[in-house]
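# Topology and contacts: notes
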Amino acid sequence: YRLVAPYWTVDSVGGDMRRETYAFYGGYRMLKNHILWHAALQFRAEQSYRMRDPRAKNKVTDLRVEASIGYQWQQYALSLQAYGGRYKQNNEIRFYSELGETTIYHMANDTEPYARFSSNNKLSYYTGYRAGVGVQLLPTTGFMAGVQYDWFRFKKELSINTQVPIAALTTHTLSAQIGYVAMRWRVTATAGAELKRGELYLY
């Protein structure tokens, strides 16, 4: 919901959505001669749907590859992290009731739909890429800190007869984290800023 805001595909009923999420994360980490590095793969598949009209059926695939390299001394390790990924989302709304169909809206901002395409365009498609870099100071015990920059861009298309692009969004996120790490617990605080730049295609 937050990731593609405000270019949502919505209907006039809302609610009663069910969701199933499948995810895995795997990688390899190694420390040799004070050099610490890791590589990992993360994947998430999600399906949300409604059992009554309008019957939304949304599918998400989110793939991410990440790596880091750092240096460890005494109880601290300083590492540089980076990742890249691919994001896809399909939105489909169907009607089975004999009472007819309601209007499907493709939002142009938080409160207004894109009037040109808000009718019965029931298929929409999001495709995008993401990347990020960060620096983190992490102890076995002691104070920790980190800074992270994330970039995400997607394009929304309507599957009418061909893929018609109607909007694109680029999101820049900068965040920082500080905290304290003990053997059995940790306390952290995170703050950040997010900048979104949207593009609406006119027809």
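Keep in mind the model is a prediction, meaning the values are calculated, not measured.

### Looking at the layout of surface pockets
Of the pockets and cavities examined, the largest pocket occupies roughly 710 Å³. If you trace the largest pocket, you find 24 residues lining it, with Tyr1, Trp8, Ser48, Asn58 and Gln89 closest to the centre. Elements supplying a minimum of two residues to the lining of the largest pocket: β1 (9-11), β3 (35-49), β4 (55-73) and β5 (76-94). For the lining of the largest pocket, the element with the most residues is β5, which contributes four residues. Taken together, the residues that form the lining of the largest pocket break down as eleven nonpolar, seven polar and six charged. Approximately 420 Å³ is the volume attributed to the second largest pocket. When contributions to the lining of the second largest pocket are tallied by element, the ones reaching two or more residues are β2 (18-32), β3, β4, β5 and β7 (123-139).

### What to know about the nonpolar core
Membership of the largest hydrophobic core comes to 18 residues, with the highest contact counts inside it found for Val4, Phe117, Phe154 and Ile166. Going through the elements one at a time, β8 (142-159) and β9 (163-181) are the ones with two or more residues in this core. Residue contributions to this core peak at four residues, all from β9. Ignoring anything within four residues of it in the chain, the contact list for Val4 reads Tyr87, Gln89, Tyr126 and Phe154.

### Looking at unusual backbone geometry
Look at the link from Ala5 to Pro6: it is a cis peptide, with omega at 5°. Mapping Pro6 onto the fold places it in the segment before β1. The backbone phi angle of His34 is positive, close to 70°, even though this residue is not glycine. Here His34 shows up in the loop between β2 and β3. Phi is positive for Gln74, close to 50°, though the residue is something other than glycine. You can see Gln74 is positioned in the loop between β4 and β5.

### Some details on the environment of Gln163
Looking at the secondary structure, you find Gln163 in strand β9. Through-space distance from the C-alpha of Gln163 to that of Tyr125 is 8.4 Å; in sequence the pair is 38 residues apart.

Reading the values: the criteria
- Residues numbered from 1 in each chain as written.
- Predicted model: local features only at pLDDT ≥ 70, side-chain atom pairs only at ≥ 80, totals over all residues.
- Heavy atoms only, no water.
- 1 Å grid on protein atoms, 1.4 Å probe; cavity = no way out; pocket = protein on both sides within 12 Å on 5 of 7 lines; lining within 4 Å.
- Points joined across faces, edges and corners; volume = space filled by probe spheres on them.
- Helix = DSSP H or I, 4+ residues; strand = E, 2+ residues; numbered from the N terminus.
- Nonpolar A, V, L, I, M, F, W, Y, C, P; charged D, E, K, R; others polar.
- Core = buried A, V, L, I, M, F, W, Y, C linked by side-chain atoms within 4.5 Å.
- Buried < 20%, exposed > 50% of the residue type's maximum accessible area, 1.4 Å probe, protein only.
- Contact = heavy atoms within 4.5 Å.

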